[in-house]
4 protein chains.
Amino acid sequence: MRVPTLLGRLLGTAPGRAGGDTRKAEALCRALLSERGEAAGTALAREALDAYEALDDAGRARLFDALAQEFAPDPERVARAAEAYRRDPSASNQVRLQAVVEPPRQELFRRLNMAPGGTAGLVALRKQLLRELPQHPEWAALDADLLHLLRSWFNRGFLVLERIDWRTSAIVLEKLIAYEAVHAIKGWPDLHRRLEADRRCFAFFHPALPDEPLIFIEVALTRTMAGRVQPLLDVAAPLGDPRQARCAMFYSITNCQDGLRGISFGNFLIKQVAEELRDELPQLRTFATLSPIPGFRKWLRGRDVAGLERLERPGWQQAKGSDSLEGLLMPLCASYLLGGKRGTEPLDPVARFHLGNGARLERIDWLADTSPSGIESSAGMMANYVYRLAEVEHNHELFVNEHRVIASRQVERLAREPWPERGTPNVARA
Amino acid sequence: MRVPTLLGRLLGTAPGRAGGDTRKAEALCRALLSERGEAAGTALAREALDAYEALDDAGRARLFDALAQEFAPDPERVARAAEAYRRDPSASNQVRLQAVVEPPRQELFRRLNMAPGGTAGLVALRKQLLRELPQHPEWAALDADLLHLLRSWFNRGFLVLERIDWRTSAIVLEKLIAYEAVHAIKGWPDLHRRLEADRRCFAFFHPALPDEPLIFIEVALTRTMAGRVQPLLDVAAPLGDPRQARCAMFYSITNCQDGLRGISFGNFLIKQVAEELRDELPQLRTFATLSPIPGFRKWLRGRDVAGLERLERPGWQQAKGSDSLEGLLMPLCASYLLGGKRGTEPLDPVARFHLGNGARLERIDWLADTSPSGIESSAGMMANYVYRLAEVEHNHELFVNEHRVIASRQVERLAREPWPERGTPNVARA
Amino acid sequence: MRVPTLLGRLLGTAPGRAGGDTRKAEALCRALLSERGEAAGTALAREALDAYEALDDAGRARLFDALAQEFAPDPERVARAAEAYRRDPSASNQVRLQAVVEPPRQELFRRLNMAPGGTAGLVALRKQLLRELPQHPEWAALDADLLHLLRSWFNRGFLVLERIDWRTSAIVLEKLIAYEAVHAIKGWPDLHRRLEADRRCFAFFHPALPDEPLIFIEVALTRTMAGRVQPLLDVAAPLGDPRQARCAMFYSITNCQDGLRGISFGNFLIKQVAEELRDELPQLRTFATLSPIPGFRKWLRGRDVAGLERLERPGWQQAKGSDSLEGLLMPLCASYLLGGKRGTEPLDPVARFHLGNGARLERIDWLADTSPSGIESSAGMMANYVYRLAEVEHNHELFVNEHRVIASRQVERLAREPWPERGTPNVARA
Amino acid sequence: MRVPTLLGRLLGTAPGRAGGDTRKAEALCRALLSERGEAAGTALAREALDAYEALDDAGRARLFDALAQEFAPDPERVARAAEAYRRDPSASNQVRLQAVVEPPRQELFRRLNMAPGGTAGLVALRKQLLRELPQHPEWAALDADLLHLLRSWFNRGFLVLERIDWRTSAIVLEKLIAYEAVHAIKGWPDLHRRLEADRRCFAFFHPALPDEPLIFIEVALTRTMAGRVQPLLDVAAPLGDPRQARCAMFYSITNCQDGLRGISFGNFLIKQVAEELRDELPQLRTFATLSPIPGFRKWLRGRDVAGLERLERPGWQQAKGSDSLEGLLMPLCASYLLGGKRGTEPLDPVARFHLGNGARLERIDWLADTSPSGIESSAGMMANYVYRLAEVEHNHELFVNEHRVIASRQVERLAREPWPERGTPNVARA
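Summary of the structure given here.

Procedures and definitions
- Residues numbered from 1 in each chain as written.
- Chains lettered and ligands numbered in written order.
- Predicted model: local features only at pLDDT ≥ 70, side-chain atom pairs only at ≥ 80, totals over all residues.
- Heavy atoms only, no water.
- Contact = heavy atoms within 4.5 Å.
- Buried area = accessible area lost by both parts, 1.4 Å probe.
- Salt bridge = Lys/Arg side-chain N within 4 Å of Asp/Glu carboxyl O.
- Polar contact = N/O pair within 3.5 Å; in protein donor to acceptor, adjacent residues only side chain to side chain.
- Helix = DSSP H or I, 4+ residues; strand = E, 2+ residues; numbered from the N terminus.
- Nonpolar A, V, L, I, M, F, W, Y, C, P; charged D, E, K, R; others polar.
- Buried < 20%, exposed > 50% of the residue type's maximum accessible area, 1.4 Å probe, protein only.
- Least-squares fit on C-alpha atoms with pLDDT ≥ 70 in both.
- Phe/Tyr/Trp six-rings, centres within 6.5 Å; stacked < 30°, edge-to-face > 60°.
- Lys NZ or Arg CZ within 6 Å of the ring centre and 35° of its normal.
- Axes fitted to C-alpha atoms, helices over the stretch in contact; angles between N-to-C directions.
- Parallel < 35°, antiparallel > 145°, perpendicular 65-115°, else oblique.
- Expected span 1.5 Å × (residues − 1).
- Pairing = 2+ DSSP bridges.

## Things to note about the interface of chain B and chain C
Taken together, the contacts link eleven residues of chain B with eleven residues of chain C. Summed over both sides, the interface of chain B with chain C buries roughly 980 Å², with 56% coming from carbon and sulfur. The three residues of chain B that bury the most area against chain C are W166, R167 and W188 of chain B, which together make up 51% of that side's buried surface. Counting across the chain B and chain C interface gives two salt bridges. The partner of D211 of chain C in a salt bridge is R167 of chain B, with the nearest N and O atoms 2.3 Å apart. For the pair chain B and chain C, the interface holds 14 residue pairs in polar contact (both at pLDDT 80 or more).

This is the structure:
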């Protein structure tokens with residue numbers, strides 16, 4: 001189902017290369033939206049995507065400009081339909097209003113999606129769009145349209161949870177190595193250790209993106225709640241017996257697709273994985289994370305606390321007397337997590353995510369991540385957030401409606417400890 | 001993840017049964033749309049669907065009323081957002097406009113879809129809605145919202161084409177028997193014959209509806225273009241050799257899901273099946289349908305033509321002299337197919353479908369379907385529409401833009417033959 | 001990899017049809033055994049099987065004659081190798097002995113097995129051989145060779161247990177309908193009922209025979225031990241809840257492949273299915289059969305017992321006073337099952353099978369199978385054999401070494417009841 | 001299905017560890033062969049294998065001794081059966097003879113095979129046996145029995161050809177890295193390159209050994225017949241277009257299972273892979289190997305040829321004037337391959353394999369493998385053997401019956417070139 005004649009007619013004369021490619025892509029997009037597009041079906045959609053993919057960054061930017069300007073709803077028609085609906089909010093006026101308000105590019109995206117590989121193509125297109133969006137605020141509505149569609153298409157009801165292990169295809173496994181964003185996977189032996197019998201790994205997939213994990217989570221099965229991450233990452237760690245485990249430690253969770261930014265998968269993933277594990281290993285008692293506290297050191301730099309200058313000395317964590325730093329930093333970290341705010345929400349992005357999911361901040365761990373980046377970002381501290389499935393909804397509600405941080409007494413007590421030379425701290429100070 | 005406390009609070013006191021069930025379902029829908037709904041995730045969605053499914057028809061009607069009235073966009077806010085967009089069609093105004101115009105029930109449907117079995121639940125809900133829609137025009141916008149989402153979710157890019165044969169699961173095969181709408185399948189031996197080596201059957205599936213064909217098509221591989229359907233339906237028909245076949249006869253196509261009415265799958269299915277067959281059997285030369293002409297007799301009743309009274313005698317087709325009827329009816333049928341119009345489109349729904357897909361009307365077949373319904377609806381005549389993949393786009397364009405019916409010379413000539421006692425007919429007369 | 005030249009040379013001149021086909025098949029068999037056979041590989045094997053399959057019964061008989069006579073071990077060489085081994089039972093003498101004793105046709109069968117579809121071909125060949133074996137005792141060693149190989153190839157370690165349900169391919173399901181040998185399956189609705197949620201069906205498959213069940217078993221999940229088979233076979237029987245079931249009733253077991261006669265699958269199948277069911281439904285307490293007693297009426301005809309003449313009246317089981325027959329026949333049946341012998345083994349073949357597997361005879365059921373064949377063969381009685389996995393080995397040992405029939409006290413007591421006019425019967429009398 | 005009581009009885013008193021373990025394993029083997037073994041089924045078989053696997057090397061050797069001595073056929077019974085057969089080679093005498101000659105351990109192995117993982121257990125057992133066989137010639141018949149069974153079970157008809165690529169499970173891929181015996185795979189990136197679009201890799205699997213390749217072959221798709229192996233092994237080699245390829249170069253073939261030594265898979269694998277490739281890529285013209293010549297340097301050391309001393313200088317291949325060595329060594333190598341014999345077969349094992357398969361020696365390649373081992377074993381030379389499917393049978397026959405080496409004229413001419421200072425060499429001289 002080729003459309004050479006169509007293109008010839010649409011493009012008129014043979015165009016120069018630089019502008020011409022964008023014109024070709026745009027013409028194909030218009031053709032796809034036309035009557036002809038309906039009969040041409042998937043071949044024309046593929047051709048349009050190919051034309052887009054053949055563009056360089058500049059050509060793509062020009063196409064985004066066109067999509068942003070010319071495939072938008074008509075303000076006058078919108079105004080008339082809105083007025084009609086205001087006067088008579090009937091079903092037919094509402095249907096007409098929605099038809100007028102929906103930008104034609106939404107239909108364009110839906111038709112592009114029909115192409116073989118179309119969904120992957122649109123996810124890649126949005127990745128490109130997002131990369132340049134900071135320089136092009138005028139593309140915001142274009143991005144909103146794409147996000148709207150992708151969020152609908154990547155609805156939880158369409159995702160498939162799959163266990164990842166050493167039987168998984170190499171084509172998927174190599175992507176885990178490439179994507180892992182929290183604790184880098186140092187090659188295949190490292191990955192293999194993370195998929196052994198005392199570990200679990202799960203990912204969400206979408207049927208239209210085969211071999212492409214959307215998000216994955218790594219879990220260690222342990223006897224007690226882990227307080228240090230390096231032993232979990234040690235390729236030579238002795239193999240544990242999963243039947244002896246009482247804790248499932250979620251020690252890494254990674255979103256894989258830049259083009260799906262803004263669509264939240266993590267909340268669903270953690271909860272479904274907890275349910276899966278509970279079914280497989282009924283003896284598990286605790287589902288907890290071992291999480292970074294990425295904003296702590298930055299927040300700390302804004303505090304005026306005696307003794308913090310010792311953190312500037314390289315290797316302080318191995319030096320004698322680092323124990324005294326523990327007494328200083330643990331209360332500060334608790335204050336940060338309980339009191340540090342961005343608006344009404346926790347300042348720390350990881351805390352924001354887990355507390356927003358309804359987890360509770362259970363414990364802060366001293367010298368839990370002694371990697372350079374762990375020392376650098378959080379003075380080596382990590383946090384355990386515990387997921388109790390029976391409580392997450394209630395916690396979430398308190399979190400959203402009352403802006404409360406659900407934490408253990410131990411952490412709350414820590415946060416009330418006095419800071420050096422400043423009397424009793426409290427959350428408000430943070 | 002149960003939400004008993006939530007429901008208790010939402011529902012207040014224990015309600016009476018008849019109204020109460022609907023109130024429970026509505027309350028669950030509201031809870032699902034709330035903040036809590038985000039954390040509750042799939043369990044609450046499932047609960048809401050269960051509550052809906054537990055309702056009787058009256059209860060469902062009350063829920064549809066609520067969804068139609070209370071989950072609609074706010075006319076005043078719409079008017080303000082439209083006015084703002086009219087004054088300044090900026091990206092942010094556009095985003096705000098779209099947010100205000102989108103009815104909250106769209107988000108509700110998206111969240112219901114998260115439930116296990118959610119997609120199937122929504123398709124069933126729409127089936128119910130459509131059944132009662134004629135009595136409830138006020139639900140039109142509600143249905144439009146649901147259709148809008150389902151059309152997006154059942155985008156061609158998400159459909160999976162599968163060959164159906166005797167290796168297919170019985171759970172799918174029994175649905176073919178149940179759904180077949182053109183030439184009823186009379187039990188398993190009949191089905192088996194239709195899946196033998198000289199036949200092909202394909203269906204579209206959606207990953208979220210396992211074991212549920214959306215649409216399926218039955219194909220007979222023949223030496224020449226078939227002009228009678230009974231031999232194709234004969235369970236005892238001798239087995240042909242597919243390697244000797246030159247024609248793929250599409251003799252039945254059935255949409256399976258009432259809840260997906262208005263979403264067109266047939267066009268894509270026919271074309272992809274033609275491509276699949278061409279790949280598998282490169283010696284195939286013709287891809288054609290053997291199609292009913294369902295509106296012919298009805299149209300005929302409005303014509304004033306001598307000799308038609310013979311059609312009223314039962315068994316006319318076996319009577320002596322039925323040949324002379326052929327000379328009478330064939331030109332009439334050609335006139336009907338070429339000239340019978342509903343607005344600018346063909347009057348015959350099957351013609352409308354195939355011609356709209358870009359097929360061409362190749363031949364009219366005399367005594368091609370002698371079943372009671374074939375005699376009743378089309379005086380036993382059928383039509384062959386031919387799909388030439390290289391021409392369908394062009395044909396479709398002529399069809400849409402110029403309202404032209406693409407037909408063979410043979411059929412065009414037939415349509416020009418004089419009707420008895422009336423001189424030369426022409427298309428305009430039809 | 002065609003071998004036309006080879007054949008031409010082997011066959012010499014063009015042979016007459018009747019004899020020639022067998023000669024061709026035999027020549028291909030010899031070629032396959034030769035050096036050339038090694039390089040020709042699977043194509044020559046396929047050609048030889050094709051040649052065999054093209055033969056009519058007479059041609060096949062001639063080929064069997066040839067295989068029986070000419071592909072046998074050489075008696076003189078055997079004698080020499082045996083004598084050498086007798087004088088010096090060294091490893092090398094043993095190896096040589098075995099090589100000389102193995103008939104060349106075993107290697108021929110192994111090479112035929114290399115053909116695509118080779119295993120199925122050999123199973124079909126043995127089916128044919130067995131059919132004619134009664135008329136050809138001289139083929140006994142040929143059959144023994146084939147059986148030896150097939151038994152080794154269909155070793156339990158190579159079988160795959162698969163659950164059969166309504167998701168199974170129609171190509172397998174239709175074979176269940178065709179093969180069922182105990183309680184005929186009357187079409188697809190009957191089969192469907194036997195695969196509902198309160199039923200289970202399992203089969204053994206061999207990887208080289210895809211879509212071909214070797215043996216299958218049908219199980220009903222019930223509250224109590226079933227004592228009548230008709231309710232289990234009723235297509236309209238109400239659906240039970242498998243979670244409420246306490247008994248797994250094995251009510252039908254069928255060997256599917258005539259060509260594998262003499263290879264026992266049933267023992268393994270029953271025990272593995274019991275384990276599977278125990279894992280899936282831990283609340284199951286009893287694994288029992290509801291079995292025919294096929295030899296009872298025949299055995300009864302040899303007894304001299306008053307009152308049996310009533311059994312000759314058609315419809316006796318519905319006649320008034322049939323209860324008194326119960327008092328007469330139940331002890332007789334118990335005597336038959338406990339005391340009826342063929343050598344040291346039970347006379348009843350079904351009893352022989354289950355008792356040999358280590359099951360115990362738990363109960364005899366009155367009017368348990370009122371179908372014509374049930375009345376005809378066992379006066380409507382059936383037997384429950386119970387499988388207790390912890391006891392089957394011990395029972396089997398008692399059965400084999402001490403020829404003991406393991407039965408419940410209830411059945412033993414029945415067997416001791418006096419027969420009319422004859423005083424107290426005992427097992428020895430049977 | 002535990003058998004504790006059995007074991008207690010069989011073993012009598014609690015045995016000392018060292019001897020006792022072997023006694024336990026042997027007792028379990030005897031139990032498995034007994035009547036009880038039939039009812040115990042797969043659990044007892046697993047227990048016996050477990051007992052064997054728990055033994056150390058000394059314990060296993062004692063068990064092998066027992067199996068070799070006590071599970072052998074009885075010489076006197078063999079002699080009587082052989083004599084009976086000699087006097088009357090009837091079917092029944094033949095059947096009896098075979099029964100008496102078959103060592104009971106064959107039945108033991110068949111019963112061990114019933115255990116879950118039984119086949120893998122037996123393959124591992126034979127691997128152990130083969131390792132120690134050189135020190136224990138008295139186990140030769142034991143090994144012959146095991147080989148006989150395994151050869152029958154791993155018959156070509158039961159093997160499954162699978163394509164290996166980057167979608168294959170890591171559990172299989174890591175075994176390729178571990179097993180590759182010709183050109184070592186240096187980690188995952190190296191493996192990945194060998195599975196790219198311009199490469200093919202196929203393996204035989206057996207259904208009872210999941211995830212365990214039996215043999216695999218690596219193929220490079222090239223424009224012309226490759227004469228150097230290093231470019232094929234280069235991880236950074238540019239990606240070729242498979243549609244442009246005319247040659248399939250088989251550059252590595254590895255048997256994976258030591259326990260299956262003596263069972264030939266390579267011949268079947270090469271030919272079926274050639275057929276697969278021909279189907280997938282019809283434009284392929286040449287199927288050829290690029291093979292080592294492992295025995296050449298060793299053979300050369302026995303020749304008295306001037307100039308060979310230069311080969312002793314490390315790095316000679318990069319030194320100036322190495323070209324003159326080409327003129328010296330190429331004819332010698334041709335002489336080696338065409339004339340070097342072990343009995344009637346080629347002296348070079350790789351030549352023996354490919355020529356025995358019916359391939360033809362097409363070309364000898366100078367400096368084709370410059371790795372240390374390539375220089376060491378064959379002075380850097382390699383050979384191309386070409387597989388023409390239409391000729392392999394004929395070639396094989398000439399090879400077996402007339403001991404002819406099928407070679408190209410070019411190689412034959414090389415072999416006739418004079419060696420320095422010695423006049424015209426000929427094949428007889430080699």
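Moving on from the model shown.
## Focus on the interface of chain C and chain D
Contacts between chain C and chain D engage 64 residues on the former and 64 residues on the latter. Taking both sides of the interface into account, the surface hidden between chain C and chain D amounts to around 5,100 Å²; carbon and sulfur atoms contribute 62%. Viewed at the interface, chain D and chain C are joined by two salt bridges. With a shortest N-O distance of 3.9 Å, E76 of chain D and R86 of chain C are connected by a salt bridge. The tally of links between chain C and chain D comes to 13 residue pairs in polar contact (both at pLDDT 80 or more). Looking at the side of chain C that touches chain D, the elements with two or more residues in it are α3 (35-40), α6 (75-87), α7 (91-101), α8 (104-112), α10 (140-153), α14 (266-280) and α19 (392-402) of chain C. Per-element tally for the side of chain C that touches chain D: the top contributor is α10 of chain C, with eight residues. Counted by class, the side of chain C that touches chain D contains 31 nonpolar, 15 polar and 18 charged residues.

## Overview of the pattern of salt bridges
The tally for this structure, following the rule as stated, stands at 116 salt bridges over all chains. Note that D145 of chain B and R105 of chain B form a salt bridge whose closest N and O atoms lie 2.4 Å from each other. With D145 of chain B in helix α10 (residues 140-153) and R105 of chain B in helix α8 (residues 104-112), this residue pair connects regions lying 40 residues apart in the sequence. The class for D145 of chain B is buried, based on a relative accessible area of 1%. Among the ionic pairs, E402 of chain D bridges to R404 of chain D, the shortest N-O distance being 3.7 Å. Classification of E402 of chain D by relative accessible area gives partly exposed; the value is 46%. Classification of R404 of chain D by relative accessible area gives partly exposed; the value is 43%.

## A look at the relation of the copies chain B and chain C
Structural alignment of chain B on chain C gives an RMSD of 0.1 Å, achieved by rotating through 180° and translating 0.0 Å along the axis. As the rotation angle and translation indicate, the two copies are arranged about a two-fold axis. Among all C-alpha atoms of chain B, that of S169 of chain B lies closest to the rotation axis, at 2.1 Å. Looking at the interface residues of chain B, 100% of them are also at the interface in chain C, so both copies use one shared face.

## Considering the relation of the copies chain C and chain D
Overlaying chain C on chain D yields an RMSD of 0.0 Å, the required transformation being a rotation through 180° with an accompanying axial translation of 0.0 Å. Comparing contact sets, 100% of the residues at the interface of chain C also lie at the interface in chain D, consistent with an isologous, same-surface contact.

## As for the arrangement of the chains
For the non-touching pair chain A and chain C, the nearest C-alpha separation works out to 14 Å. For chain B and chain D, which are not in contact, the least C-alpha distance works out to 14 Å.

## Considerations on unusual backbone geometry
For L367 of chain A, which is not glycine, the phi dihedral falls at a positive 50°. Mapping L367 of chain A onto the fold places it in the loop between β9 (360-365) and α18 (372-378). One non-glycine residue, H403 of chain B, adopts positive backbone phi at about 55°. Topologically, H403 of chain B is positioned in the loop between α19 (392-402) and α20 (409-416).

## Side note on the packing of aromatic side chains
Any two aromatic rings considered together are summarised by their centre-to-centre distance and by the angle between their planes. Across all of its chains, the model carries 38 aromatic pairs over all chains by this definition. Taken together, the ring pairs connect W166 and W188 of chain A together with W166 and W188 of chain D into an aromatic cluster. Looking at R60 of chain D, its charged tip hangs above the ring of Y52 of chain D, at a distance of 4.5 Å from the centre.

## Quick look at the packing of helix α5 (residues 57-70) of chain C against helix α9 (residues 118-132) of chain C
All names here are of chain C. Where α5 contacts α9, the two axes come as close as 11 Å, and the packing angle between them is 90°. Considering the angle they form, α5 stands roughly perpendicular to α9. Within the contact between the two elements, α5 uses D57, R60 and F64 and α9 uses L125, Q128, L129, R131 and E132. Here the residues of the contact of α5 with α9 sort into three nonpolar, one polar and four charged.

## Thoughts on the side chain of N93 of chain D
All names here are of chain D. Here N93 is to be found in helix α7 (residues 91-101). The exposure class of N93 is buried, given its relative accessible area of 10%. Engagement of the side chain of N93 in a polar contact is seen with the backbone oxygen of D88, the distance being 2.8 Å. Leaving out residues up to four positions away in the same chain, N93 has contacts with A84, Y85 and D88.

## Concerning helix α9 (residues 118-132) of chain B
All names here are of chain B. The terminal C-alpha atoms of α9 lie 21 Å apart, and with 15 residues this matches the ideal 21 Å at 1.5 Å per residue to within 8%. With eleven of 15 residues buried, α9 is to be regarded as a mostly interior element. Of the surrounding elements, those touching the buried residues of α9 are α4 (42-53), α5 (57-70), α8 and α10.

## Side note on the pairing of strand β10 (residues 382-386) of chain D
Residues and elements named next belong to chain D. Within β10, five of the five residues are buried, which leaves the element mostly enclosed by the surrounding structure. Residues M382, N384 and V386 point to one face of β10 and A383 and Y385 to the other, with burial holding for every one of them. Relative to β10, strand β9 (residues 360-365) runs antiparallel, the two sharing five bridges. Across the sheet, the residue bridging to L361 is Y385, located in β10.

Distances and angles like these do not, on their own, reveal function.
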